[in-house]
Amino acid sequence: MSCYFRQNGDTEVTIPKYNESSTGVTYYDIKVRVRQVEWMVERRYKDFDQLNEKLVNDISISKKLLPPKKIVGNKNPAFLEQRREQLEKYLHELLVFFRIQLPRVLAEFLDFNKYDIIYLLQDLAKLFHENGESLLSSKKEFHLSALEAYAISERLSLPCPPENIEQRGIFDFSHVLDFCTQLEILVITPVKDNTSFENDYNTVDVPIGRSNIIPKTLSFNLNAFRNLKTLKFYGISTENIIDIALLKPTLASICVHNTTITHLNQVLLCDNLHKELAAASSSNSNSNGAISTSVVTDKRSVWSNVTKIDLTCNLLTQIDSSVRTTPNLQELRLEQNRISAIQNLAEMSHLQVLSLSANLIMECIDWHMELGNLVTLNLAQNRLKKLTGLRKLLSLVNLDVSCNQIEDLEEVDNIACLPILENLRLTGNPLAGSVDYRPRVLARFHERAVEISLDSEPGTQNELDTALVLSALLKSKMRQNNRTPK
């Protein structure tokens, strides 16, 4: 990322070409290079004229620096080429004049406020100076791009740039620090004002704007965010964080969506302190990618305040042992991944909500051994045919097994025995298309049928009356077979 303050000696501005639009307007393509960072800016002569007027009025530069207007013949190719050269020379002279620091009007003209650390942060400082109090009082999440997060991180390691009148007041970096230290919910995405990252993993490989800056190459720390309770990443991996250790005392919720991560340890062991440990354990890992016990049990790895993890829509293939670094976890959401089985949850005694919808689960064998205290379980859109492994989840209140491959009505008996189950979703399974589906399912709950909400609706009186008759027939059949109703 550009930092003109540090790299002004390796900065170049050129105008390689001009273009004429379909409406006949001439635009000059300006190429800005600050060391290895490059970007393009498109401006008309009119824009140059307005810039020059502001610089003349505010900073008293010579009005003669800018080539004069021409009314007649201003579309002639030879004239346009000459003007391109003159405008390029004009920008060169401005950079010599402002070799230490650019005035805001020139920085905005050349889009430094989009790609340069200092000028981008000045925009944020102004926003927080004017609206920071209302943004914080609303308790809503605040959205940073990867570039902005990187800029804040880098600025903390920079010496203070030389001050001028513009930097005092609304553009002061202290407004950014003030806001960051009080913020509780932070969202980081590859870019701002672009929702493509919600559906495309490759957004992190796409250059930002008209620059050569790639979001996934931006590594940053979050040391400025000392009171953060919720951290959300969309489209960019937490592996971009250099060190997350300082967030552990306050962070209660971690959400990472739309990335290519395949293991939880890429999130839970992403801090600088444990990357070497994770790498070492990875080299000794088994075929399931399990990490070593020493990493998991290391007290420095523990997220003692984290109660919620949401890793929906990634490429996770398993629940690796790093989940045990969150001993107080209450809610785990792993929807839209590639998980085929559960593991490493037996020690998670506080876990109450587990969502595994849209994964690759084909069977659930003795899940009570892993999920003894679970209250809510979502297994929608998997490949389940049987529910036998859920029959001992005695604390379960809410169960969603919709859109699976359950055909046999008798499979319902495996969950009808759960004593406090109240909400059940079975829609989207083959059995849901059978005649009298709802009363036949409710009948399996016998006297508790009235307490059950099936597919988000309680039984109607007609359904319950039918279920009561079917229940009696079931009981009679069980007696005939020397069985008692469960």
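As shown above, the structure is provided for reference.
Everything in this summary refers to the structure shown in the same document. Just so you know, these numbers come straight off a predicted model, no measurement behind them.

**Points about the sheet that holds strand β2 (residues 26-34)**
Piece 1. Within the open sheet, the three strands sit side by side as β1-β2-β3. Their pairing is antiparallel. Each of the sheet's edge strands pairs with one partner strand only, and the pair in question is β1 (11-20) and β3 (37-43). Adjacent strand axes in the sheet meet at a mean angle of 20°, parallel and antiparallel pairs treated alike.
Piece 2. Note that β1 and β2 share eight bridges and pair antiparallel. What sits directly across from E12, in β2, is R33.
Piece 3. Contacts from helix α3 (residues 77-97) reach β1 and β2 within the one sheet, and its direction differs from that of β1 by about 160°.

**Structural notes on the packing of helix α2 (residues 45-59) against α3**
Piece 1. Remark: α2 packs on α3, axes separated minimally by 12 Å, with the N-to-C direction vectors making an angle of 30°. Compared by their axis directions, α2 and α3 come out roughly parallel. When you trace α2 past α3, the crossing you get is left-handed. In this structure, α2 contributes Y45, F48, L51, N52, L55 and I59 to the contact, and α3 contributes R83, L87, Y90, L91, L94 and F97.
Piece 2. Taken together, the residues of the contact of α2 with α3 break down into ten nonpolar, one polar and one charged.

**Quick notes on the nonpolar core**
Piece 1. Grouped together as the largest cluster of nonpolar side chains are 134 residues, with contacts concentrated most on F225 and L231.
Piece 2. Of all the elements, helix α6 (residues 117-137) adds the most residues to this core, at eight residues.
Piece 3. Among residues more than four places away in sequence, those in contact with L231 are L186, I188, L222, I241, I244, L247, L251, S253, I254 and C255.

**Quick look at the side chain of T325**
Piece 1. Mapped onto the elements of the fold, T325 is located in the loop between β8 (308-310) and β9 (331-333).
Piece 2. In this structure the side chain of T325 is engaged in a polar contact, spanning 2.6 Å, whose partner is the backbone oxygen of S322.

**Overview of the sheet that holds strand β7 (residues 253-257)**
Piece 1. Spatially, twelve strands are ordered β4-β5-β6-β7-β8-β9-β10-β11-β12-β13-β14-β15 in an open sheet, and the strand pairing comes out mixed. Edge positions in the sheet fall to β4 (142-145) and β15 (457-458), since each of these pairs with one other strand and no more.
Piece 2. Both β7 and β8 contribute to a ladder of three bridges, which runs parallel. Within the sheet, the bridge partner assigned to C255 lies in β8 and is D310.

Thresholds applied
- Residues numbered from 1 in each chain as written.
- Predicted model: local features only at pLDDT ≥ 70, side-chain atom pairs only at ≥ 80, totals over all residues.
- Heavy atoms only, no water.
- Pairing = 2+ DSSP bridges.
- Helix = DSSP H or I, 4+ residues; strand = E, 2+ residues; numbered from the N terminus.
- Axes fitted to C-alpha atoms, helices over the stretch in contact; angles between N-to-C directions.
- Contact = heavy atoms within 4.5 Å.
- Parallel < 35°, antiparallel > 145°, perpendicular 65-115°, else oblique.
- Left-handed = near helix turned anticlockwise from the far one by under 90°.
- Nonpolar A, V, L, I, M, F, W, Y, C, P; charged D, E, K, R; others polar.
- Core = buried A, V, L, I, M, F, W, Y, C linked by side-chain atoms within 4.5 Å.
- Buried < 20%, exposed > 50% of the residue type's maximum accessible area, 1.4 Å probe, protein only.
- Polar contact = N/O pair within 3.5 Å; in protein donor to acceptor, adjacent residues only side chain to side chain.

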